[in-house]
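What follows is the residue order along each chain.
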Amino acid sequence: MTPLPSLFNPLVAARRQTWRWVLPGVLVLLFLGILTGLPWQAQRMESNERQEQLIADTLWVEQTIRFQLDRSNDSLRLISSEILDGQLQPQKFNERAATLLAGSREIKSIIWLDAEGRTSASTDYADLASGLSQWPLPAQEALAHAIDSKVPSYSRPIAQPGSARPVLFDYFVPMFKGKKYVGSLMLSYYASGILDEMVPWWFAQENQLDLLDIDDKLIARRASGGPGRGVYTHQRTLDLSGQSVTLRTNSVKGAPRLLPNLLMGSVIALSLGLVWSLWALWRDINRRLATEGALREQVTFRTAMENSLVTGMRARDLEGRVTYANPAFCKMVDMPAESMLGKLPPMPYWAPEATLDYEKRFAEVIAGTVTQKGFETIFQRANGERFPVLIFESALRDLDGKQTGWMGSILDITERKQAEDLNLRQQEKLQASARLASMGEIASTLAHELNQPLAAISSYTTGALNLLSDPSSGGDDHRALLKPALEKAAAQALRAGQIIRSVHAFVKQREPLREAVSMAAILDTLEPLIALQAQPSGTRIVISIEADLPVVLGDRVLLEQVMLNLTRNAIESMQQMPAKQRLLRLRLSRTVTAAGQAAVLTEIIDQGHGIPEDVAERLYSPFFSTKSEGMGMGLNICRTAIEFHGGKLTHVSNPAGGTIFQFALPFADDALATLLPM
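Each chain has its residues counted from 1, running along the sequence as written. With the structure being a predicted model, the display of local features is reserved for residues of pLDDT at least 70 and the display and counting of side-chain atom pairs for 80 or more, all residues being used for whole-chain, interface and lining totals. Hydrogens and water molecules were not included; the side-chain quantities draw on all heavy atoms of the structure.

Participant: What should I look at first to understand the overall build of the protein chain in this one?
Facilitator: Helix and strand definitions here come from DSSP, where helices need a minimum of 4 consecutive H or I residues and strands a minimum of 2 consecutive E residues; each element is numbered from the N-terminal end. Check the secondary structure of the protein chain and you find 16 helices and 22 strands. Contact criterion: two residues are considered in contact whenever any of their non-hydrogen atoms come within 4.5 Å of each other. Taking the intrachain contacts of the protein chain between residues at least 6 apart in sequence as the baseline, contacts between residues at least 24 apart amount to 59%.

Pasting the structure below:
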């Protein structure tokens, strides 16, 4: 049995430890419960007291209103008695009624009616001219009820639209001599006057008072202290002779506050403040620890992210000092961050030959006029090696949106430049191949074209030899005949040589050039080749050139290739058309591009089968062709060549049938301006 105490003691200790925490907690909860219950009980008691006080005051006000009305009504009945006794004539009636009106501002008027309902006397001159038939229906009904019952009666509320006091009560006192009705007295009360004159000001200051008719419709209201809050309300019925009116009171006081006692409120506030402070302290400590942990994670993550970036990041303040450089940028320029931080331009990674461009760009950045559009330049590494970069600049702002500097993203575009050079060389080879293919397609026609000048040369030289071998002809005759024959032979030889040179220049592979060229001269040079392509199908060619067209900046051979490809496509699109419809129009004119540049517009207009919508979407795509034997590179090469010259190749439908291909090249001066470095 000895082991039991050793096992039991820890359980007892644990229970004691639990009670040490539970008992204070229970006491604190009990204390808070008492502190909360006492104000609630006090609130209920105060609320009941206020309601009871309102009921008592309302009852007192009701009795006051009854007393005032009864006093005025008694005075009116006294006047009726004097009239029946013959002591009061109509001439003296107004004086007696004025005395009653002087002490009762809630009364509008007092009227003496004879047996026929005519006005014998009145305190209101406006009522002298009005007969009983012109009275409101509630007044007529109340008068009839008073005469029938021989008892004074009140009328229902009478509305007066447009009046400052819109509702009246009429009180009728019928007068009888024996059983004979001899007339009535009518006393008109303002409904609002009953509340304004008969309710004490102190009660009206603390309560909103309403008079309601039998249908609970509002007749009059007095709210000197403001609208009632609907917390404490009471209503009493004013049983008037012949009518029932309800007096409703609505206190302007709200529900009593939960802490009416300053000392009790202070104790509760301090207790709750202490509990809240402990809770807030615990919460803030946990939040601070969580925030610090999150901050460490964010810093670690940001550092890892910045170290893993392949894009160079460089920050500068508003004065241009370098404030940050990530590892990618340091690796890019092969310089440590310490050699750049805090320094103003010129920077050690600037290439000397581009210093002017750097300074211009830096001035734009500091002035805030630089856009976020990327620009290309050249940086140098620590060993002097140059490499191309693409830079994007954007404003660096703090949490309040205030600009604190500039952030630059730097991309090493060496590989991209190499890829562009490779692509350019491939394009040049492809263009040369396309020119060779074009020459292959017109080779037979070209042979026929060269055959004519060569045959003419052969004929002229044979004739000259025959003349020289004829012994019968004289020397002078030989000279006169040989000169024109040899001149014609020389002209035909020049013609054949020109054709061969143009073909050689067209198919020759070389670097693209930018020089001032005339589109009219290009079209004049290509006219024989275009005519050769059009000859088999019998296509007619019409050329329209606007006078005095300026030159453009471009590569003559590339533009010739574009024109030859587009005209060949146009001629082929009209092969299946009727002969009279095979018309190719070539037009050169002035225009203005969307960018506002003056340009030369070139249009190739055919009347062929047109281009369907599904084909138009892929028309310029590489390797797409509608011809079974086509490579699908012609229009792609044309578009690339035109974009190389700063233009854009487009097409639209010809209203006369067919298609219009067009492109605009800026004048040489405008094109040269766009090529200058910014």
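Participant: Honestly, the pattern of salt bridges in this entry has me stumped. Any pointers?
Facilitator: Side-chain pairs of opposite charge can arise whenever the charged atoms involved come near each other. We count a salt bridge whenever a side-chain nitrogen from Lys or Arg sits within 4 Å of a carboxyl oxygen from Asp or Glu. What the rule picks out here adds up to 16 salt bridges. Here Glu62 and Arg66 are joined by a salt bridge, their closest N and O atoms 2.8 Å apart. With Glu62 and Arg66 both in helix 1 (residues 3–84), this residue pair falls four residues apart, about one helical turn. Only protein chains enter the accessibility calculation, which uses a 1.4 Å probe; a residue is then buried when its area is under 20% of its type maximum, exposed when over 50%, and partly exposed in between. A relative accessible area of 2% means that Glu62 is categorised as buried. Judged by its relative accessible area of 24%, Arg66 falls in the partly exposed class. Among the salt bridges present, the one from Asp210 reaches Arg221, with a minimum N-O distance of 2.7 Å. Here the residue Asp210 occupies a position in strand 7 (residues 207–212), and Arg221 occupies one in strand 8 (residues 218–222), the gap between them amounting to 11 residues. Overall, Asp210 belongs to the buried group, its relative accessible area being 1%.

Participant: When you look at helix 4 (residues 191–198) in this model, what are you seeing that I'm missing?
Facilitator: Because each turn of an α-helix spans 3.6 residues, side chains separated by three or four positions end up pointing in the same direction. Counted residue by residue, helix 4 has six buried out of eight residues, so it is predominantly covered. Every buried residue belonging to helix 4 is among Ala191, Ser192, Gly193, Ile194, Leu195 and Met198, and all of these are buried.

Participant: Even after reading the chapter, I still don't get the sheet that holds strand 10 (residues 243–251), so can you show me in this structure?
Facilitator: Hydrogen bonding along the main chain pairs the strands of a sheet, whether they run parallel or antiparallel. Read from one edge of the open sheet, four strands run 8-7-10-9, paired in antiparallel fashion. The open sheet has two edge strands with one neighbour each: strand 8 and strand 9 (233–240). Between one strand axis and the next, the sheet turns through 20 degrees on average, direction left out of account. Relative to strand 10, strand 9 runs antiparallel, the two sharing eight bridges. Within the sheet, the bridge partner assigned to Leu238 lies in strand 10 and is Val245. Each of strand 7, strand 8 and strand 10 is contacted by helix 4, which is oriented at about 30 degrees to strand 8, the strand it contacts most. At least two bridges found by DSSP between two strands is the condition for calling them paired. Think of each axis as a best-fit line through the C-alpha atoms, taken over the contacting stretch in the case of a helix, with angles from 0 to 180 degrees between the N-to-C directions.

Participant: Would you mind showing me how to read the pairing of strand 22 (residues 659–666) here?
Facilitator: Regular strands place their side chains on alternate faces of the sheet. The element strand 22 is largely enclosed, with a buried count of eight among its eight residues. Burial of the side chains of strand 22 extends over both faces: Thr659, Phe661, Phe663 and Leu665 are buried on one face and Ile660, Gln662, Ala664 and Pro666 on the other. For strand 20 (residues 598–605) and strand 22, the ladder comprises seven bridges, and the chain directions are antiparallel. Residue pairing for strand 22: Val600 is matched across the bridge by Leu665. Summarising the sheet, strand 21 (residues 650–653) and strand 22 pair through four bridges and their orientation is antiparallel. In the sheet register, Thr650 faces strand 22, and the bridge partner there is Gln662. Between the antiparallel neighbours strand 21 and strand 22 lie five residues, among them Gly657 with a positive phi of about 100 degrees.

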